[in-house]
Amino acid sequence: MKRPGIPISIAAVLAALAVLAGCGDSGSSMTLSTATIPGGADTGDVKVIGAWVDALRAGDVDQAASYFALPSIVQNGTPPIRLKTRDDVVSFNSSLPCGAKLVSASSEGQVTTATFELTERPGGHCGAGVGQAASTAFVIQDGLIVHWARVANGAAPAQGGSSGQLS
């Protein structure tokens, strides 16, 4: 099904995400600049992902939201949710209890999958998730996130709380 304003089909993204979900990388826990993120991801995508996660970790959800296109699609263990307004995007970013540090990223076609180390952040409460790995697949177009989807990272599935996930 083709969504207006999003030139790639959601089905194609979901198929790519399903393939990538089995390829998760737990990464390392050291902090790296976006210039030295291992994984060979698209440099432009890494810059957007790094800027988004840095803003979120600092507790600046308005700035984090500025890296999303309108409309955009998010999937945080849910069916696809279409964010139509800036308020929708701010609310989504606010709902993420953890901050994170970008650890690694790889790209396959239009999808860049990033692995993060979860942290506390102002305005959130990560709790037992701090220090855990989480992976998210992104589709970025024209410097903005058009699709954000949490994917498996090879760790045991989280059971409640925020352990191992961005939300």
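Model, not experiment: these values are computed from the prediction.

Trainee: What is the right way to read the overall build of the protein from this model?
Mentor: If you tally the helices and strands in the protein, you get 4 helices and 6 strands. In the protein, the succession of α and β elements from N to C terminus is α-α-α-β-β-α-β-β-β-β. Counting only residues that meet the buried cut, the protein has 44% of its 167 residues in that class. Partitioning the intrachain contacts of the protein with sequence separation of at least 6 by distance along the chain shows that 59% fall at a separation of at least 24.

Trainee: Before we go on, may I ask you to explain the environment of Ala51 in this structure?
Mentor: Note that Ala51 resides in helix H2 (residues 43–57). Residues Ala51 and Ala64, spaced 13 residues apart in sequence, show a C-alpha to C-alpha distance of 7.7 Å.

Trainee: Looking at this structure, I do not really get the nonpolar core. What am I missing?
Mentor: Considering soluble globular proteins, one finds that nonpolar side chains tend to be buried as a cluster. With 33 residues, the main nonpolar core has Trp52, Phe68, Leu102, Phe116, Phe138, Ile145 and Trp148 as its most contacted residues. Per-element accounting of this core gives the leading share, 7 residues, to H2.

Trainee: Would you take a moment to explain the packing of aromatic side chains for this structure?
Mentor: How two aromatic rings sit relative to each other is set out by the distance from centre to centre and by the angle between their planes. Here the structure, examined in full by the defined rule, presents 7 aromatic pairs. Centre to centre, the rings of Phe116 and Phe138 are 6.4 Å apart; their planes meet at 70°, and the pair counts as edge-to-face. Note that Phe116 is positioned in strand S4 (residues 111–119) and Phe138 in strand S5 (residues 133–141), a separation of 22 residues in sequence. The pair Phe116 / Phe138 is uniform in exposure class, with both members buried.

Trainee: How should the pattern of salt bridges be read in this particular structure?
Mentor: When charged atoms on two side chains of opposite charge get close, those side chains can pair. The tally for this structure, following the rule as stated, stands at 1 salt bridge. In this structure, Asp54 engages Arg57 in a salt bridge whose closest nitrogen and oxygen atoms are separated by 3.0 Å. Taken together, the positions of Asp54 and Arg57, both in helix H2 and 3 residues apart, correspond to about one turn of that helix.

Trainee: Which parts of the structure should I look at to understand the side chain of Asp45?
Mentor: If you trace the backbone, Asp45 turns up in helix H2. In this structure, Asp45 is buried with no salt-bridge partner, the nearest side chain bearing the opposite charge being Lys47 at 11 Å. Among all residues touching Asp45, those that are not within four sequence positions of it are Ser107, Thr112 and Ile140.

Trainee: How should unusual backbone geometry be read in this particular structure?
Mentor: Most peptide bonds take the trans form, and the phi angle of most residues other than glycine is negative. Note the cis peptide between Leu70 and Pro71, where omega equals -10°. For Pro71, the position within the fold is in strand S1 (residues 68–75). In this model, Asp142 sits at a positive phi of 55°, which is unusual for a non-glycine residue. Looking at the secondary structure, you find Asp142 in the loop between S5 and strand S6 (144–151). Residue Asp142 is classed as exposed on the basis of its relative accessible area of 81%.

Trainee: So what exactly am I meant to see when it comes to the sheet that holds S1 here?
Mentor: The pairing of strands in a sheet comes from backbone hydrogen bonds and takes either a parallel or an antiparallel form. Read across the open sheet, the 6 strands follow the order S2-S1-S6-S5-S4-S3; overall the sheet is mixed. A single partner strand is all that each edge strand has here, and the edge strands are strand S2 (81–83) and strand S3 (99–108). Put simply, the sheet's adjacent strands are angled 25° from each other on average, direction ignored. The strands touched by helix H4 (residues 86–95) within the sheet are S1, S2 and S6, with S1 carrying the most contacts at an inclination of about 40°.

Trainee: Sorry, what's going on with H4 here?
Mentor: Helical geometry note: an α-helix holds 3.6 residues per turn, so side chains three or four residues apart project in the same direction. Looking only at H4, the buried set comprises Val89, Val90, Phe92 and Asn93. Looking down the long axis of H4, one finds its buried residues gathered within 160° of arc, a one-sided arrangement. Close packing links the buried residues of H4 with H2, helix H3 (61–65), S1, S2 and S6.

Rules of the game
- Residues numbered from 1 in each chain as written.
- Predicted model: local features only at pLDDT ≥ 70, side-chain atom pairs only at ≥ 80, totals over all residues.
- Heavy atoms only, no water.
- Helix = DSSP H or I, 4+ residues; strand = E, 2+ residues; numbered from the N terminus.
- Buried < 20%, exposed > 50% of the residue type's maximum accessible area, 1.4 Å probe, protein only.
- Contact = heavy atoms within 4.5 Å.
- Core = buried A, V, L, I, M, F, W, Y, C linked by side-chain atoms within 4.5 Å.
- Phe/Tyr/Trp six-rings, centres within 6.5 Å; stacked < 30°, edge-to-face > 60°.
- Salt bridge = Lys/Arg side-chain N within 4 Å of Asp/Glu carboxyl O.
- Lys, Arg positive; Asp, Glu negative; His and termini not counted.
- Pairing = 2+ DSSP bridges.
- Axes fitted to C-alpha atoms, helices over the stretch in contact; angles between N-to-C directions.
- Arc of directions from axis to C-beta.

Interpretation in functional terms is not warranted from these geometric data alone.
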